[in-house]
Amino acid sequence: MSTVLEAAEALRRGGLVLMPTETVYGLAADAANAAAIAALFEAKGRPRFNPLIAHVTGLEAAERFAAFDERARRLAETFWPGPLTLVVPITNEAAVCDLARAGLDTVAVRAPGHPMAQALLEAFGGPVCAPSANRSGRPSPTTLEHALEETGSAAQAFLDGGPCPVGLESTVVAVLDGPPRLLRPGGLAREAIEAVAGPLAEAEDDARRSPGRLVRHYAPEAPIRLNAIAAEPGEAFLRFGDGIDDALSLSPVGDVREAAQRLFSRLRAADRLHPRGIAVAPVPDTGLGEAVNDRLRRAAGFVG
Ligand code: TXA
Ligand code: MG
């Protein structure tokens, strides 16, 4: 375990840090340091065409390197710190290096709501890129233990912030030309964003600009079967809303927020049983259910 000051020092030296956020654990590096960012891509086995999110303490810090129009500013003011990432034009290319942006003229930015992430960003004093700390294509880690299993060997420091309260990655919204577009459903429900920004345009035609939306993603080892009513022989069954709480329940009371919080740890728990497959009960598509179903479809290998 490291202290926040040790972790900030590791970032300054170009090292990688396991950082808790309210969504999932991230593997963090100095956004301006191309060598550190290269090491980050290497540690995750992440394709270099997939750009990273720059984490900041808040809007003021973000506006040092990115352009927020009135709509983007309103969203940041309403939802930051919190599980919302905004894709906006870059104005200071050195602050978030080319490699981190995959050469794009836009940058994804968010202010995380976790106090330990805020403390680290404050101590470091600049933007920090942090993809989810899983190896590329695997479920995101929602505890330090899971993060250590995934990319721990590459990290010079790690902070234990407990289990992540949201459990799913941030919602990614592009605020560029035209109406705001939902690039990735996530830990902030579409309904909440639309109440502030109006209807979000769909990003189906936008896969190229959110290259993280690869087909098979967030995937455990075992194959996944969706909308299952019951388990078949040899399958582990992730249940929803059946009143029984155990290591394979997404939410005994049928709460999509609880299912989001548990999803990745339950997928890991199911995988550890080495089942023939993982069957998953239907989860409603409302609120955070949209993001839960997005991750499940990707884990199952379907295009979103
Ligand atoms: O909750 C989260 O967002 C977590 C925590 C650690 O903050 N981070 C995370 O990062 O999920 P990552 O790298 O796993 O996902 C970043 C997503 C990818 O889908 C990527 O393609 C997209 O953001 N992205 C980044 N920059 C972009 C850009 N300029 N334009 C469009 N999409 C972008
Ligand atoms: Mg990820």
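For the structure itself, consult the block above.
Per chain, residues are indexed from 1 in the order of the written sequence. Here every chain gets a letter starting at A, and every ligand a number starting at 1, in the order they are written. Selection of residues for local features in this predicted model requires a pLDDT of at least 70, selection of side-chain atom pairs for listing and counting requires 80 or more, and totals for whole chains, interfaces and linings are taken over all residues. For side-chain calculations, the full set of non-hydrogen atoms in the structure is used, while hydrogens and water are omitted.

1. What to know about the overall build of the protein chain
Item 1. Looking only at helices and strands, the protein chain features 9 helices and 13 strands.
Item 2. With the radius of gyration taken over C-alpha atoms, the globule rule is written as 2.2 Å times the number of residues to the power 0.38. Whereas a compact globule of 304 residues would reach a radius of gyration of roughly 19 Å, the protein chain reaches 18 Å, a difference of no more than 12%.
Item 3. Taking the principal axes of the C-alpha coordinates as reference, the protein chain spans close to 55 × 45 × 30 Å.
Item 4. Residues classed as buried in the protein chain amount to 58% of the 304 residues present.
Item 5. Across the protein chain, every contact between residues at least 6 apart in sequence was considered, and the portion connecting residues at least 24 apart equals 68%.
Item 6. Per element, the accessible surface of the protein chain, about 12,000 Å² overall, is 54% carbon and sulfur.
Item 7. Across the protein chain, the centroid of the 31 positively charged side chains sits 3 Å from that of the 38 negatively charged ones. Elements are defined by DSSP. Helices are runs of H or I of four residues or more, strands are runs of E of two residues or more, and each kind is numbered from the N terminus. Accessibility here uses a 1.4 Å probe with only protein chains present; expressed as a share of the type maximum, an area under 20% marks a residue as buried, one over 50% as exposed, and anything in between as partly exposed. By the convention used here, residues are in contact when the closest approach between their heavy atoms is within 4.5 Å. Accessibility throughout is a Shrake-Rupley quantity obtained with a 1.4 Å probe, and a residue counts as covered only by protein chains that appear here. A residue counts as positive if it is Lys or Arg and as negative if it is Asp or Glu; His and the chain ends are not included. Note that the charge is assigned to NZ on lysines, CZ on arginines, CG on aspartates and CD on glutamates.

2. Regarding the side chain of glutamate 169
Item 1. Residue position: glutamate 169 is located in the loop between strand 7 (157–158) and strand 8 (171–174).
Item 2. The class for glutamate 169 is buried, based on a relative accessible area of 3%.
Item 3. One polar contact links glutamate 169 to arginine 295, side chain to side chain, over a distance of 2.8 Å. Pairs of N or O atoms are called polar contacts if they sit within 3.5 Å, as long as, within protein, a hydrogen donor faces a hydrogen acceptor (for residues adjacent in sequence, only side-chain-to-side-chain pairs).

3. Brief notes about the packing of helix 1 (residues 4–12) against helix 5 (residues 115–124)
Item 1. Between N-to-C directions, angles span 0 to 180 degrees; the directions come from axes that are lines fitted to C-alpha atoms, helices contributing only their stretch in contact. The interhelical angle for the contact between helix 1 and helix 5, taken along N-to-C directions, is 50°, at an axis separation of 9 Å. As judged from the angle between their axes, helix 1 and helix 5 are oblique. Where helix 1 crosses over helix 5, the handedness of that crossing is right-handed. Along the contact surface, helix 1 presents Val4, Leu5, Ala7, Ala8, Leu11 and Arg12, while helix 5 presents Met116, Ala119, Leu120, Ala123 and Phe124.
Item 2. As a working rule, the residues Ala, Val, Leu, Ile, Met, Phe, Trp, Tyr, Cys and Pro are called nonpolar, Asp, Glu, Lys and Arg charged, and the rest polar, with Gly in that last group. In terms of residue class, the contact of helix 1 with helix 5 is made up of 10 nonpolar, no polar and 1 charged. Angles below 35 degrees are treated as roughly parallel, those above 145 as roughly antiparallel, those between 65 and 115 as roughly perpendicular, and all remaining angles as oblique. Less than a right angle of anticlockwise turn of the near helix away from the far helix marks a crossing as left-handed, whereas a clockwise turn marks it as right-handed.

4. Concerning the packing of aromatic side chains
Item 1. Pairing of aromatic side chains requires ring centres within 6.5 Å, counting the rings of Phe and Tyr and the six-membered ring of Trp. Pairs whose planes differ by under 30 degrees are stacked, by over 60 edge-to-face, and all others tilted. On inspection of all chains with the given rule, the structure shows 2 aromatic pairs.
Item 2. On the numbers, 5.9 Å between centres and 75° between planes, the contact of phenylalanine 68 with tryptophan 80 is edge-to-face. Residue phenylalanine 68 is located in the loop between helix 3 (59–62) and helix 4 (70–79), and its partner tryptophan 80 is located in the loop between helix 4 and strand 4 (84–89); the two are separated by 12 residues in the primary sequence. Each member of the pair, phenylalanine 68 as well as tryptophan 80, is classed as buried.
Item 3. Summarising the aromatic geometry, the rings of tyrosine 218 and phenylalanine 264 are spaced 5.6 Å apart at their centres and angled 25° between planes, so their arrangement reads as stacked. Taken together, the positions of tyrosine 218 in the loop between helix 7 (190–197) and strand 10 (224–225) and phenylalanine 264 in helix 8 (residues 256–272) put the pair 46 residues apart, joining distant regions of the chain. Of the two residues, tyrosine 218 and phenylalanine 264, neither departs from the other in class, the shared state being buried.

5. Regarding helix 9 (residues 289–300)
Item 1. Under the convention used throughout, the expected extent of a helix is 1.5 Å for every residue step, that is, one less than its residue count. Its 12 residues place the ends of helix 9 16 Å apart at the C-alpha level, agreeing with the 16 Å of an ideal helix rising 1.5 Å per residue.
Item 2. Summarising burial for helix 9: 11 of the 12 residues are buried, a large majority.
Item 3. Close packing links the buried residues of helix 9 with strand 9 (181–184), helix 7, strand 10, helix 8 and strand 13 (277–280).
Item 4. One or two positions beyond helix 9, positive phi appears at glycine 301, with a value near 95°.

6. A few points about the packing of helix 8 against helix 9
Axes are the key here: two packed helices are described by the angle between their axes and the distance separating the axes.
Item 1. Contact geometry of helix 8 with helix 9 gives a least axis separation of 8 Å together with a crossing angle of 30°. Overall, the two elements helix 8 and helix 9 adopt an arrangement that is roughly parallel. As helix 8 packs across helix 9, the resulting crossing turns out to be left-handed. Two secondary-structure elements touch here, helix 8 through Val256, Ala259, Ala260, Leu263 and Phe264 and helix 9 through Gly289, Val292, Arg295 and Leu296.
Item 2. Partitioning the contact of helix 8 with helix 9 into residue classes produces 7 nonpolar, 1 polar and 1 charged.

7. Some remarks on the nonpolar core
Generally speaking, soluble globular proteins have nonpolar side chains that are buried together.
Item 1. Ranked by internal contacts, the top residues of the largest apolar core, which has 48 residues, are Phe65, Phe68, Trp80, Leu86 and Val109.
Item 2. Those elements that place two or more of their residues in this core are strand 2 (26–30), helix 2 (34–44), helix 3, helix 4, strand 4, strand 5 (106–110), helix 6 (144–151) and helix 7.
Item 3. Beyond its immediate stretch of four places on either side in the chain, phenylalanine 68 contacts Leu59, Ala62, Glu63, Arg73, Ala76, Trp80, Leu86, Val88 and Val109. By nonpolar core we mean a set of buried residues, namely Ala, Val, Leu, Ile, Met, Phe, Trp, Tyr and Cys, connected to one another through side-chain atoms within 4.5 Å.

8. Focus on the sheet that holds strand 1 (residues 17–19)
Item 1. With respect to topology, 9 strands assemble into an open sheet ordered 7-1-2-6-3-5-4-8-9, the strand pairing being mixed. Looking at the sheet topology across the chains shown, the edges are occupied by strand 7 and strand 9. Any two strands are treated as partners once DSSP identifies two or more bridges connecting them.

9. Comments concerning the sheet that holds strand 11 (residues 235–240)
Item 1. One open sheet accounts for 4 strands, arranged 10-13-11-12; its pairing is parallel. Two strands close off the open sheet at either side, each with one partner strand: strand 10 and strand 12 (249–251).
Item 2. Inspection of the sheet shows strand 11 paired to strand 12 by 2 bridges, in the parallel sense. Counterpart to arginine 239 in the pairing with strand 12 is serine 249.
Item 3. Of the strands in this sheet, strand 10, strand 11, strand 12 and strand 13 touch helix 8, which is tilted by about 170° from strand 12.

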